[in-house]
Amino acid sequence: MRTISKCLSVVSIAIVAGLGVAQAADDPIKTRQAVMSSVGAAAGLGGGMMKGELDYTPAAGKAAIATMRAAAMTFGSYFPDGSTSGNTEAAPAIWSDRAGFDAELAKFAMATEKAVAASGKAGPADIDAFKAAFGPVLGTCKACHEGYRVKK
Ligand code: HEC
């Protein structure tokens, strides 16, 4: 029971982060950070199941994948000119090398598209199927953060 409630609380974090997106609609910096924190929550859920720290269920696997897909489809829309300063970790390279940033976004989108296809209606059937679908999504974080995020 403990792992199940832990698992559910991670899913609720993702849902709360999703609500944050709606509330921050007029602030692109807050919005993109809310989208990325839903990505962080989904990575925690999926990664926890991959490491065996959380029990795997197809529904939880599907939720983690769906959150990643939603983020990949929306994240790139929240980098308008002028949203470079303030409370943000977005690197200036996003605006000086937009093509490079878009290429990282495209890799993220492609990995999530494949994961959704593998997920099907009920979610990946077992943890091995989930790992095969979700691993490549987790593989896209580092390159984009190294090039386009400054840790503050
Ligand atoms: C296409 C580029 C890109 C990809 C791919 C990407 N990120 Fe990010 N991420 C960013 C940027 C840029 C920021 C900083 C946003 C800001 O502060 O304005 C960020 C911020 C974050 C944050 C901090 C959010 C907050 O609350 O401020 C987390 C957590 C995060 N990313 C996790 C991940 C994980 C996990 C993955 C992989 C599954 C991932 N990211 C993939 C670009 C990316």
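Enquirer: Got a minute to help me understand the coordination of the iron atom of the ligand in this structure?
Expert: By definition of the ideal shapes, four donors in a tetrahedron about a metal sit 109.5 degrees apart, and six donors in an octahedron sit 90 or 180 degrees apart. Bound to the iron atom of the ligand on the protein side are M36 (SD) and H145 (NE2), at distances that span 2.0 to 2.4 Å. Around the iron atom of the ligand sit six donor atoms, and with donor-metal-donor angles ranging over 84 to 179 degrees the site reads as octahedral. Residue M36 is located in helix α2 (residues 28–50), and its partner H145 is located in helix α7 (residues 141–148); the two are separated by 109 residues in the primary sequence. Judged by its relative accessible area of 25%, M36 falls in the partly exposed class.

Enquirer: Would you explain the nonpolar core in this entry?
Expert: In a soluble, globular protein the nonpolar side chains are often hidden away together inside. M49, M68, F101 and F130 are the most contacted members of the largest nonpolar core, which has 29 residues in total. Every element with two or more residues in this core is listed here: α2, α3 (58–74), α5 (98–119), α6 (127–138) and α7. With residues near it in sequence (within four places) discarded, F130 still touches G46, M49, M50, Y56, G61, A64, I65, P124 and G135.

Enquirer: Explanation requested: the site of the ligand in the structure shown.
Expert: As a matter of local geometry, the ligand sits amid 23 residues, with M36, T88, C141, C144 and H145 nearest to it. Side-chain polar atom of Q33 to an oxygen atom of the ligand: 2.9 Å apart, as the coordinates give it. Between a nitrogen atom of the ligand and a side-chain N or O atom of H145, the distance comes to 2.8 Å. Among the elements that line the shell around the ligand, the one with the most residues is α2, at six residues. Its residues placed into classes, the shell around the ligand shows 14 nonpolar, five polar and four charged.

Cut-offs and rules
Sequence order sets the numbering: in each chain, residues are counted from 1 along the sequence as written. In view of the model being predicted, local features appear only for residues whose pLDDT reaches at least 70, and side-chain atom pairs are presented and counted only at 80 or more, with totals across whole chains, interfaces and linings using the full set of residues. Hydrogens are left out, water is left out, and the side-chain values use all remaining heavy atoms of the structure. Note that water is not among the atoms used; donors are N, O and S atoms within 2.8 Å of the metal (3.2 Å for Na, K and Ca), so sites may look incomplete. The rule is simple: four donors are tetrahedral if all their angles sit between 85 and 135 degrees, four are square planar and six octahedral if opposite donors span more than 155 degrees and the others lie between 65 and 115, and anything that fits none of that is irregular. Only DSSP runs of H or I reaching four residues or more are called helices, and only runs of E reaching two or more are called strands; each is numbered from the N terminus. Burial here depends on accessible area, computed with a 1.4 Å probe over protein chains only, as a share of the maximum for the residue type. Under 20% is buried, over 50% is exposed, and the range in between is partly exposed. For our purposes a nonpolar core is just a set of buried Ala, Val, Leu, Ile, Met, Phe, Trp, Tyr and Cys residues, chained together by side-chain atoms within 4.5 Å. Contacts between residues were defined by any pair of non-hydrogen atoms, one from each residue, lying within 4.5 Å. A cutoff of 4 Å decides nearness: a residue is near a molecule or strand if any of its heavy atoms lies inside that distance of it. Distance and chemistry together define a polar contact, namely a pair of N or O atoms within 3.5 Å, with one atom able to donate a hydrogen and the other to accept it when in protein, and with adjacent residues in sequence counting only for side-chain atoms on both sides. Residue polarity follows a fixed list, in which Ala, Val, Leu, Ile, Met, Phe, Trp, Tyr, Cys and Pro are nonpolar, Asp, Glu, Lys and Arg are charged, and the others, Gly among them, are polar.

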